[in-house]
Amino acid sequence: MPKEKGPAKYLILKDDIKQDIMSGIIKPGDKIASENELALQYDVSRHTVRKALSILQNEGYLETEHGRGTYCKESLRTQGRTNDIAVITTYISDYIFPRLISGIDTVLAEEGYSILLKNTGNSQQVQQRILEEIIAKKVDGIIIEPSKSEIFCSHESVFKRLDQLKIPYVFLQGIYPQMKDAPHILMDDEKGAYLLTKYLIEQGHRNIVGIFKIDDMQGGQRNKGYSKALMEARMMYDPENVILFHTEDRQSKPTGMIEAFIKEKKKMDAIVCYNDEIALEIIQVLMKYGIRVPEDISITGYDDSILAESGPVKLTTIAHPKERLGQMAAKLLIEKINGVSDSESKVERLIEPKMVIRDSCRSRKV
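Residues numbered from 1 in each chain as written. Predicted model: local features only at pLDDT ≥ 70, side-chain atom pairs only at ≥ 80, totals over all residues. Heavy atoms only, no water.

Draft legend 1. Just the pairing of strand 3 (residues 84-89), in detail. With five of its six residues buried, strand 3 lies for the most part within the structure. Following the chain from strand 3 across helix 4 (residues 97-110) to the adjacent parallel strand 4 (residues 114-119), one finds a crossover that is right-handed. (Buried < 20%, exposed > 50% of the residue type's maximum accessible area, 1.4 Å probe, protein only. Helix = DSSP H or I, 4+ residues; strand = E, 2+ residues; numbered from the N terminus. Right-handed = clockwise from strand over helix to strand, strands pointing away.)

This is the structure:
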């Protein structure tokens, strides 16, 4: 059998040097090992070494001084104010995004800052690349909606590099498990889903299905709130009644599983959905099988987006103060740029959820 080909040797060398720069092992102004030393260390030719170094020079990490050697670029240090703030979101097309950015821009514009906008497609790999680009370009601060925030960050070293360079950052709508102490602005998503589930229980529902996105913090917290309300009412949390999906199967799994439940004649009189978008997709599936909302099944959304009022049934949901959330994140970042400590901060970190009751739920009390 032919051997599996791994990464090219020059890419391995390039990535190792880049990682040392990002983690602070190699600091701005440091001279790196010579071509001969690197060739010997990695058991590669000098041509391979030159190829790796050339890529890092083109990417802005290294510079060569004739007759002296190759150095980590001094420009990777923070040097004065740039008046630029990077805003990194998971999706630009998300229905929450425009009003969130509007709130951020309102605060930053008053302070004389411009926004550099990026999106990750909810990929940690893309997020890492964007952060590395931002470090090379230099900004005064970063507001970041973390990609797949329910799982461990695969590039914590990049955030440590931001700390070393004294580039402040604020997490928005999620935070990584190993970085709980980092500055952040969150909604109390556990309480939001708890309120929705409790409301359904109080309306007499006993077979409540939950649908939650499991690779972001919001989905994990909403699943906890759903579970808490059930247990408080002495109702069993049944994994068979919970549909957990990932970013990659978001388009197929929630609707596909509900369709399977219908065909199995599974008992369900209410569905707590991860957000308004999922709720409307579920309503479409139910309508396809002649199941009425709310007459046969009650449905709840989350986010109180424009979709909550524009679908075939107006959704009971949780309000998402999009502009306010953006404003809070921007104000917290400005505080960090100005050196305000956590104890001196005036910015609220956790937003209390508020339920919006509309037409998608009906009492089952006899």
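Draft legend 2. Just the side chain of Asp 216, in detail. Residue position: Asp 216 is located in the loop between strand 8 (208-213) and helix 8 (217-232). Residue class for Asp 216 comes out buried when judged on its relative accessible area of 6%. In terms of polar contacts, Asp 216 uses its side chain to reach the backbone amide nitrogen of Gln 218, at 3.2 Å. Among the polar contacts made by the side chain of Asp 216, one reaches the side chain of Tyr 274 at a distance of 2.7 Å. Setting aside residues no more than four positions away along its own chain, Asp 216 makes contact with Lys 148, Ser 149, Glu 150 and Tyr 274. (Polar contact = N/O pair within 3.5 Å; in protein donor to acceptor, adjacent residues only side chain to side chain. Contact = heavy atoms within 4.5 Å.)

Draft legend 3. Spotlight on the sheet that holds strand 3. Overall, parallel pairing links the six strands, which are arranged 4-3-5-6-7-13 in an open sheet. Two strands close off the open sheet at either side, each with one partner strand: strand 4 and strand 13 (350-351). Seen against the sheet, helix 6 (residues 156-164) touches strand 5 (141-144) and strand 6 (169-172) and runs at an angle of roughly 140 degrees to strand 6. (Pairing = 2+ DSSP bridges. Axes fitted to C-alpha atoms, helices over the stretch in contact; angles between N-to-C directions.)

Draft legend 4. Highlighting the packing of aromatic side chains. Scanning the model with the defined rule gives seven aromatic pairs in all. On the basis of an interplanar angle of 75 degrees and a centroid distance of 5.7 Å, the ring pair of Tyr 169 and Phe 171 is categorised as edge-to-face. By relative accessible area, Tyr 169 is classed as buried at 7%. Judged by its relative accessible area of 0%, Phe 171 is buried. Seen in terms of ring centroids, Phe 212 and Tyr 226 are 5.4 Å apart; in terms of plane orientation they differ by 55 degrees. Their pairing is tilted. Of this pair, Phe 212 sits in strand 8 while Tyr 226 sits in helix 8, and the two are 14 residues apart along the sequence. The same class applies to Phe 212 and to Tyr 226, which are both buried. Three or more aromatic residues joined by ring pairs form one cluster here, namely Phe 159, Tyr 169, Phe 171 and Tyr 176. The residue whose ring lies beneath Lys 228 is Tyr 194, and the NZ or CZ to ring-centre distance is 5.3 Å. Seen from the ring of Phe 261, Lys 266 lies directly overhead, with NZ or CZ sitting 5.0 Å from the centre. (Phe/Tyr/Trp six-rings, centres within 6.5 Å; stacked < 30°, edge-to-face > 60°. Lys NZ or Arg CZ within 6 Å of the ring centre and 35° of its normal.)

Draft legend 5. Broad picture of the environment of Met 257. Looking at where Met 257 falls in the secondary structure, it is placed in helix 9 (residues 253-263). Separated by 14 residues in the primary sequence, Met 257 and Ile 243 place their C-alpha atoms 7.2 Å from one another.

Draft legend 6. Region of the structure containing the nonpolar core. Core analysis: the biggest nonpolar cluster contains 39 residues, and Ile 17, Leu 131, Ile 142, Phe 159, Leu 162, Tyr 169 and Phe 171 have the highest contact counts within it. Counting residues per element, the ones that place at least two in this core are helix 1 (9-23), helix 2 (35-42), helix 3 (46-58), strand 3, helix 5 (124-137), strand 5, helix 6 and strand 6. With near-sequence residues (within four places) excluded, Ile 142 lies in contact with Ala 86, Ile 88, Leu 131, Ile 134, Leu 162, Ile 167, Pro 168, Tyr 169, Val 170 and Leu 333. (Core = buried A, V, L, I, M, F, W, Y, C linked by side-chain atoms within 4.5 Å.)

Draft legend 7. Expanded view of the sheet that holds strand 11 (residues 298-300). With parallel pairing, the four strands of this open sheet are ordered in space as 9-8-10-11. Bordering the open sheet on either side are strand 9 (242-245) and strand 11, each of which pairs with just one other strand. Here the average twist between neighbouring strands, direction ignored, is 10 degrees. As paired strands, strand 10 (residues 270-272) and strand 11 are joined by three bridges and run parallel to one another. Counted as the bridge partner of Ile 271 is Ile 299 from strand 11. The sheet contacts of helix 8 involve strand 8, strand 9 and strand 10, and relative to strand 8 the element is tilted by about 160 degrees. Each of strand 8, strand 9 and strand 10 is contacted by helix 9, which is oriented at about 155 degrees to strand 9, the strand it contacts most.

Draft legend 8. The arrangement of the pairing of strand 5 in detail. Neither face of strand 5 is exposed, since Gly 141 and Ile 143 on one face and Ile 142 and Ile 144 on the opposite face are all buried. Bridge count for strand 3 against strand 5 is four bridges, and the pairing is parallel. Looking across to strand 5, one finds that Val 87 is bridged to Ile 143. Here strand 5 runs beside strand 6; their pairing, made up of three bridges, is parallel. Note on strand 6: the bridge partner recorded for Ile 143 is Val 170. Read as a crossover between parallel neighbours, the route from strand 5 over helix 6 to strand 6 is right-handed.

Draft legend 9. A look at the packing of helix 4 against helix 12 (residues 322-337). One way to put it is that helix 4 packs onto helix 12 with a least axis distance of 7 Å and a crossing angle of 40 degrees. With respect to each other, helix 4 and helix 12 are oriented oblique. Between helix 4 and helix 12 lies a crossing whose hand is right-handed. Where helix 4 approaches helix 12, its residues Arg 99, Leu 100, Gly 103, Ile 104, Val 107 and Leu 108 are matched on the opposing element by Lys 322, Glu 323, Leu 325, Gly 326, Gln 327, Ala 330, Lys 331 and Ile 334. Here the residues of the contact of helix 4 with helix 12 are counted per class, giving seven nonpolar, three polar and four charged. (Parallel < 35°, antiparallel > 145°, perpendicular 65-115°, else oblique. Left-handed = near helix turned anticlockwise from the far one by under 90°. Nonpolar A, V, L, I, M, F, W, Y, C, P; charged D, E, K, R; others polar.)

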